[in-house]
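Here is how the chains run, residue by residue.
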Amino acid sequence: GMLKQLDWYAQLKNFEKTDLKSSDVIIVDEAGMVGTHDWHDILEFSNKIGAKVIAIGDDNQIKPISSGDCFRAALNSLDRVGHLDEIRRQNADWQKEASVEFSKLDTANALAIYEHHGKIHEMTDVKQIAEKFLEIEKIGSAAVLCTTKNECAEINSEIRNLKKANGELGENLFKIGEKSFAKNDQIMFTQNNKAFDVKNGETATVEKFENGILTVKSGEIEKQIDTKSYDKIDHAYAITITKSQGKTYDNTIVVANPIMDAKNTYVAMTRHRENVDLFYRNSDFKDVKSLMSSLSKYHQKDLVQDYAGGNNQYRERVQEYVELSLERISVLKDINKGEAIWEDYSKISEKRTEIGKEIAQDYVNHKIYLDQQGLTLEKLKIQCRLKDRPLSNLEIEAKNRVEEYAKISSHAHDLLNAMQRESQNITRHEKYAEYCKIRSKRNELARGILGDYKAHREFINKSSKDSFVSKESMEKQLDYGTKSQQEFFEKIDGMAREIEKGRHYVSLPEVIEDSREKMSRSTYLLNSEYHKQEHGYGFQINHTMVKDYIKHCKLDVPFNYEIAEHASMIADRYQTDSKEPVSAEIANNCIKQALCYEALKESNKDLKTPWTEEQLQNKASALSQHIKEENISVLNDKNLMQEALFKIDANSQNSQESQNIDLKQMYVDQDLEKQLQTELSKSIDMGLER
């Protein structure tokens, strides 16, 4: 502020020279940063001449370095206090909303707004900050705001290194202590000096240095400073948050520090017009949740009068609340040791919540004692469940995952009950395949939740009352799924041995072996078994055949079991004898059509007007019939694939033939596409022999 960090006695002597009168007004800016002794000198002088004093400041911003907090005391005792409620510094509406939250010390809410807009980042190293500064400096005034001078020195040094490497700074011209200064360096004066016309906090650009005389440009004014007489100069790229109070920049970077509290976080996050990015070190804060909690803490600047009047009911109630909070922590430790039970913890929590709600309802009378304990109203409401805690992006993802699990789990449960009511053997129910997919999705979510249970625990506990979601139920579902699948595999093993004898299947033992390695294959196998029960034989095309085909043809189409299943469904149209598998030639062409479908399905996502499923099937059929084995790589290029379709459509229109050529007829015709690749044929023949 204007009067902070001054030699007050000398300053007041300067006022005497101005011959102030009772009609004059003394304005103290950033009044919240003025300590008790300094206020005493100001008021003593003003009373002596009868002048009026107007104090301007924000009680929720940084407090004085010296003792006392007279500005707060004045706000609490004066009847006439004006308030500025409109946010003018920030331009974006969502940033204005965050600034209001910061001003109320609702720090977690404000930080959540910035995180949801992608403005909070984990810091890798100092170079990351320096590079970001050089980026934002190009588009307007900029500064890095730090908590300590050591942080500022480290970041200033890195920024200067990058500027020198970019040719933005010249050779070093002079040194003050251990700090070097070069032409074009941005500097800050850290102490007032009338002789050289510089003020504390003023910034300037180094022009030249000759014979101990430093020439700088401050705005449009050129100034000369004798560094032998005045050496209160520092680099101005990174400055302390305290020094930034009262300043405005276009863009800022804030480096979080564990010693920050809600007040200097408020200052740091509201110095910008356009944008601010907050960076934190993982060594200081393990995640954004931890960051929000730490920066929400509150440090009260005490006055002697805060403790006057002895004990009263408001102080005693706040003290009881704090003691119950400490007791909760103690009981929790005893539970972990096996020396207490959760019922003890619940009783203490319920009592603390009850008292906390009473305090919140009468906040005005309890405020001073809450402040002494570092408790803001926001934190009190969150602890007493009067307000939801703001969630970080990762927590929102965890919450959504738990809610999705609860919804899918409930759907799976209802569908299972319905099938059991309608059929004694649910595996033959028409909705069994749908149930298997839902159950697979449910188990996939459960594995993700249990894999990072700590991140999901809070939301599991909240969902457990309504949705019967619990860690134990998820573990049982996964255990049951694994056990059921093992039983299924054992059953398939027995069937496979019979199949070996009769050779009804194509390479089914390979399917079973792979199924042991990858749990995701269970749906394919279940559907194959269901297919056998309905048709008397299982899937004709197995995953090994598809993989061999993709590998041999050097296709970029990723393998999935739906391709093998789709190819098998195509093969069903040409199955004349359930005891004999389809030929290698038909199997290859079925795989080719399924791969064409898969490639076109992926390409279909890019179309403004996507094809219907029927159109997609027809185009896949036509494409597979017109592509030779040696030209199958056309599937790797979307543009070539679209060009091939265009030609097929044109030829089809010219000959007035249908796009959907009968696939079976084409395979039966011995004159069409007889040239199967030797290596692929061997692979399939080996599969047939097995």
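Residues numbered from 1 in each chain as written. Predicted model: local features only at pLDDT ≥ 70, side-chain atom pairs only at ≥ 80, totals over all residues. Heavy atoms only, no water.

1. Digging into the sheet that holds strand β9 (residues 213–218)
Ordered in space as β10-β9-β8-β7-β11, the five strands form an open sheet in which the pairing is antiparallel. At either margin of the open sheet sits one strand with a lone partner, and together these are β10 (221–226) and β11 (233–235). For this sheet, the mean angle separating the axes of adjacent strands, direction not counted, is 45 degrees. In terms of strand pairing, strand β7 (residues 186–189) meets strand β8 (residues 203–210) through three bridges, oriented antiparallel. (Pairing = 2+ DSSP bridges. Helix = DSSP H or I, 4+ residues; strand = E, 2+ residues; numbered from the N terminus. Axes fitted to C-alpha atoms, helices over the stretch in contact; angles between N-to-C directions.)

2. Points about the packing of aromatic side chains
Here the structure, examined in full by the defined rule, presents 10 aromatic pairs. Plain terms: the ring middles of Trp94 and Tyr114 are 5.0 Å apart, the flat faces sit at 70 degrees to each other, and that makes the pair edge-to-face. Linking Trp94 in helix α4 (residues 93–103) with Tyr114 in helix α5 (residues 107–116), this pair joins segments that are 20 residues apart in sequence. Aromatic pair Phe189 and Tyr230: ring centres 6.1 Å apart, planes at 55 degrees, arrangement tilted. Here Phe189, found in strand β7, pairs with Tyr230, found in the loop between β10 and β11; they are 41 residues apart in sequence, far enough to count as distant. For the pair Phe189 and Tyr230, one class covers both residues: buried. Three or more aromatic residues joined by ring pairs make a cluster, and in this case those are Trp94, Phe102 and Tyr114. Looking at Lys471, its charged tip hangs above the ring of Tyr453, at a distance of 4.7 Å from the centre. (Phe/Tyr/Trp six-rings, centres within 6.5 Å; stacked < 30°, edge-to-face > 60°. Buried < 20%, exposed > 50% of the residue type's maximum accessible area, 1.4 Å probe, protein only. Lys NZ or Arg CZ within 6 Å of the ring centre and 35° of its normal.)

3. Comments concerning the nonpolar core
Ranked by size, the top nonpolar core spans 38 residues in total, and within it Leu555, Ile591, Leu595, Leu600, Leu623 and Leu635 carry the most contacts. For this core, the secondary-structure elements that each account for two or more residues are α21 (543–553), α22 (561–571), α23 (584–604), α24 (613–626) and α25 (638–654). Not counting chain neighbours up to four residues away, the residues in contact with Leu600 comprise Trp611, Leu616, Lys619, Ala620, Leu623, Met641 and Leu645. Counting 33 residues, the second largest nonpolar core, distinct from the first, contains Ala108, Met269, Leu278 and Leu291. (Core = buried A, V, L, I, M, F, W, Y, C linked by side-chain atoms within 4.5 Å. Contact = heavy atoms within 4.5 Å.)

4. Let's talk about the environment of Ile591
With respect to the element layout, Ile591 can be found in helix α23. Not counting residues up to four positions away in its chain, the partners in contact with Ile591 are Ile541, Met545, Val546, Tyr549 and Ala567.

5. Brief notes about the pattern of salt bridges
Per the counting criterion, the structure on display carries 27 salt bridges. Ionic pairing is found between Asp277 and Lys132, a salt bridge with its closest N-O pair at 3.8 Å. With Asp277 in strand β14 (residues 272–281) and Lys132 in helix α6 (residues 126–137), this residue pair connects regions lying 145 residues apart in the sequence. Judged on exposure class, the residue Asp277 and its partner Lys132 are both buried. (Salt bridge = Lys/Arg side-chain N within 4 Å of Asp/Glu carboxyl O.)

6. Considerations on the packing of helix α11 (residues 313–337) against helix α13 (residues 363–372)
Here α11 crosses α13 at 55 degrees, and the two axes come no closer than 9 Å. Regarding the angle of α11 to α13, the classification is oblique. Where α11 crosses over α13, the two elements pack in a sense that is right-handed. Contacts between α11 and α13 involve Tyr314, Arg315, Arg317 and Val318 from the former and Asn365, His366, Tyr369 and Leu370 from the latter. Looking at the contact of α11 with α13 residue by residue, the class counts come to four nonpolar, two polar and two charged. (Parallel < 35°, antiparallel > 145°, perpendicular 65-115°, else oblique. Left-handed = near helix turned anticlockwise from the far one by under 90°. Nonpolar A, V, L, I, M, F, W, Y, C, P; charged D, E, K, R; others polar.)

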